[in-house]
Amino acid sequence: MLLIENDIFIMKTKFLYLTLLLTSALFMSSCGSDDDDVDISNLPEAVADAFHNKYPGIATNSVNWETTGKYYVAEWKEANGLRDVEAWFINSSQSSQSWVMTETDYGKNLFLVPAELNAELEKTEYRTAVIDDISLYEYPVQSRNVYIIEVEPAGQTQDLLLLFDATTYKFMEAIPDNDTEITPDTVF
């Protein structure tokens, strides 16, 4: 009987240590470093000027700033919280060249994008697919601007790229979703 009680004690002790180890590992992994957050006082002047020129109605200190590689990224919400916006800047000697990209995330809200985009989507084989996400990527060279509509046809996630200029929307192609973050350096 004593042997059985000793084995139970050892098993409970091992279980306790395992639980503590797993809890510690979970806690440590959730305590990510915020080294890439940028305090507004450390924002380069060219980036702050470029932000004010591009988005004059938004105060620089009302957005969250962080760095991603060589870029400074401002994040905020628009349209009563229905759109997430990330504006990407590079520290350039000329503020007019500092803005490099803006991503506007519409979520699943097809009603927030231009009706012409929706009409173009209706012409594709993905018109009945479930929409997972809609994002607009804008660049200084307008011909690079692109909507990416992530859809799930038949349980397989795809990214739809719809190229547009100021007045024309055109379906480009469907490509597999690889969950790669799109940056100003991404080529479509």
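Described below are features of the structure shown in this document. (Residues numbered from 1 in each chain as written. Predicted model: local features only at pLDDT ≥ 70, side-chain atom pairs only at ≥ 80, totals over all residues. Heavy atoms only, no water.)

Our focus in this paragraph is the pattern of salt bridges. The full count for this structure, using the stated rule, is three salt bridges. Across the pair Glu-78 and Arg-83 runs a salt bridge whose closest N-O atoms are separated by 3.4 Å. Between Lys-123 and Glu-120 there is a salt bridge, with its nearest N and O atoms 3.5 Å apart. (Salt bridge = Lys/Arg side-chain N within 4 Å of Asp/Glu carboxyl O.)

A few words on the packing of aromatic side chains. Applying the stated criterion across every chain, the model contains nine aromatic pairs. A centroid spacing of 5.6 Å and a plane angle of 90 degrees characterise the contact between Phe-51 and Trp-76, whose relative ring orientation is edge-to-face. Separated by 25 residues along the polypeptide, Phe-51 in helix 2 (residues 45-54) and Trp-76 in strand 2 (residues 71-78) bring together distant segments of the chain. With 6.0 Å between their ring centres and 65 degrees between their planes, Phe-51 and Phe-89 make a pair best called edge-to-face. Placement of the pair is Phe-51 in helix 2 and Phe-89 in strand 3 (residues 83-90), with a sequence separation of 38 residues. You'll find Phe-51 and Phe-89 in the same group, each marked buried. (Phe/Tyr/Trp six-rings, centres within 6.5 Å; stacked < 30°, edge-to-face > 60°. Helix = DSSP H or I, 4+ residues; strand = E, 2+ residues; numbered from the N terminus. Buried < 20%, exposed > 50% of the residue type's maximum accessible area, 1.4 Å probe, protein only.)

Looking now at helix 3 (residues 115-122). Within helix 3, the full set of buried residues consists of Leu-117, Glu-120 and Leu-121. For helix 3, the angular spread of buried residues about the axis comes to 100 degrees, placing them on one side. Next to the buried residues of helix 3 lie strand 5 (130-138), strand 6 (146-152), strand 7 (158-164) and strand 8 (169-176). (Arc of directions from axis to C-beta. Contact = heavy atoms within 4.5 Å.)

Further remarks concern the environment of Met-101. Turning to its location among the elements, Met-101 is positioned in strand 4 (residues 99-107). For the pair formed by Met-101 and Phe-89, sequence separation is 12 residues and the distance between their alpha carbons is 7.1 Å.

Turning to a nonpolar patch on the surface, a few remarks are in order. On the surface, Leu-163, Met-172 and Phe-188 cluster together into a nonpolar patch covering about 230 Å² of accessible area. Position of Phe-188 relative to the elements: it lies in the segment after strand 8. (Patch = residues over 30% accessible without salt bridge, like charges linked within 9 Å, V, L, I, M, F, W, Y side chains within 5 Å. Areas by Shrake-Rupley, 256 points an atom, 1.4 Å probe, with all protein chains shown as cover.)

Across the seven residues of strand 6, five count as buried, placing the element largely inside the fold. Both strand 5 and strand 6 contribute to a ladder of seven bridges, which runs antiparallel. When the sheet's bridge partners are listed, Asp-133 is paired in strand 6 with Glu-150. Sheet topology note: the strand 6/strand 7 ladder contains six bridges and is antiparallel. Residue pairing in the sheet places Tyr-147 in a bridge with Leu-162 of strand 7. (Pairing = 2+ DSSP bridges.)

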